[in-house]
Amino acid sequence: YYSEEAVYQQSLVSQFTHHHVAVFLLTFFSYSLLHASRKTFSNVKVSISSQWTPSCFNDSLWNSSHLFPNAEEATLFLGTLDTIFLFSYAVGLFVSGIIGDRLNMRWVLAFGMCSSALVVSWKIKVGKVCC
């Protein structure tokens, strides 16, 4: 005699094939790596500000030709950049939400992940060439 709950759990588990599990794991790890590759600008603002302003501790090339005369102006500039980034990110999420409601969600997610992967790999390639 099987209980009703055991039959329900067995039928729920039997609905998922190895293809479902593979797609789930691929999507999960793809999004995990996607979010790990996004280095937020806010995390590096302090080190950028110290490199762009004159300091007795900064003995690099930037000390002789710094971009900003003091840390306050560098902080203001970096805060403006952060605001522009977050506003652009919010607008992009809003627009992609509208597009996702009107088009097939699989195609929208696939396009977003592939284009993000291309941008990240392009940034890595440009970083190796420039630096």
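The structure displayed is predicted, hence computed values, not measured ones.

Draft legend 1. Highlighting the overall build of the chain. A count of helical and extended segments in the chain gives six helices and zero strands. In the chain, the succession of helices and strands from N to C terminus is α-α-α-α-α-α. Within the chain, residue pairs in contact and separated by at least 24 positions form 45% of the contacts whose partners lie at least 6 positions apart.

Draft legend 2. Quick look at helix H5 (residues 71-102). The end-to-end C-alpha separation of H5 is 46 Å, in line with the 46 Å expected for 32 residues at 1.5 Å each. Turning to H5, its buried residues are Ala74, Leu78, Asp82 and Gly100.

Draft legend 3. Structural detail: the UniProt feature "transmembrane region" (unreviewed entry) in the chain. In the UniProt entry, the feature "transmembrane region" (unreviewed entry) is given for residues 16-34, 76-99 and 105-124. Strand forms 0% of residues 76-99 and helix 100%; the C-alpha atoms that close the span are 35 Å apart. As a span, residues 105-124 carries 100% helix and 0% strand, and end to end its C-alpha atoms are 28 Å apart.

Draft legend 4. Region of the structure containing the packing of aromatic side chains. Under the definition given, this model contains three aromatic pairs. Plain terms: the ring middles of Phe85 and Tyr89 are 6.0 Å apart, the flat faces sit at 25 degrees to each other, and that makes the pair stacked. Here Phe85 and its partner Tyr89 are both found in helix H5, four residues apart, which amounts to about one turn of the helix. Feature note: the residues Phe24, Phe28 and Phe29 constitute an aromatic cluster, connected by ring pairs.

Draft legend 5. Quick look at the layout of surface pockets. There is about 250 Å³ of room inside the second largest pocket. Considering the residues around the second largest pocket, the lining is formed by Val23, Phe24, Leu26, Thr27, Ser30, Tyr31, Arg106, Leu109 and Met113. Counting residues per element, the ones that place at least two in the lining of the second largest pocket are helix H2 (18-37) and helix H6 (105-130). In terms of residue count, H2 provides more of the lining of the second largest pocket than any other element does, six residues in total.

Draft legend 6. Looking closely at the environment of Phe68. By secondary structure assignment, the location of Phe68 is in the loop between helix H4 (61-64) and H5. Here Phe68 falls in the buried class, since its relative accessible area comes to 14%. Along the backbone, Phe68 and Pro54 are 14 residues apart, and their C-alpha atoms lie at a distance of 7.8 Å. When near neighbours in sequence (up to four residues on either side) are disregarded, Phe68 contacts Trp52, Thr53, Pro54, Glu73, Ala74 and Phe77.

Draft legend 7. Representation of the environment of Pro54 in the model. Relative to the elements of secondary structure, Pro54 occurs in the loop between helix H3 (41-52) and H4. Placed 17 residues apart in sequence, Pro54 and Ala71 show a C-alpha to C-alpha distance of 8.3 Å.

Conventions adopted
- Residues numbered from 1 in each chain as written.
- Predicted model: local features only at pLDDT ≥ 70, side-chain atom pairs only at ≥ 80, totals over all residues.
- Heavy atoms only, no water.
- Helix = DSSP H or I, 4+ residues; strand = E, 2+ residues; numbered from the N terminus.
- Contact = heavy atoms within 4.5 Å.
- Expected span 1.5 Å × (residues − 1).
- Buried < 20%, exposed > 50% of the residue type's maximum accessible area, 1.4 Å probe, protein only.
- UniProt positions renumbered as here; feature names shortened; annotations may be inferred.
- Phe/Tyr/Trp six-rings, centres within 6.5 Å; stacked < 30°, edge-to-face > 60°.
- 1 Å grid on protein atoms, 1.4 Å probe; cavity = no way out; pocket = protein on both sides within 12 Å on 5 of 7 lines; lining within 4 Å.
- Points joined across faces, edges and corners; volume = space filled by probe spheres on them.

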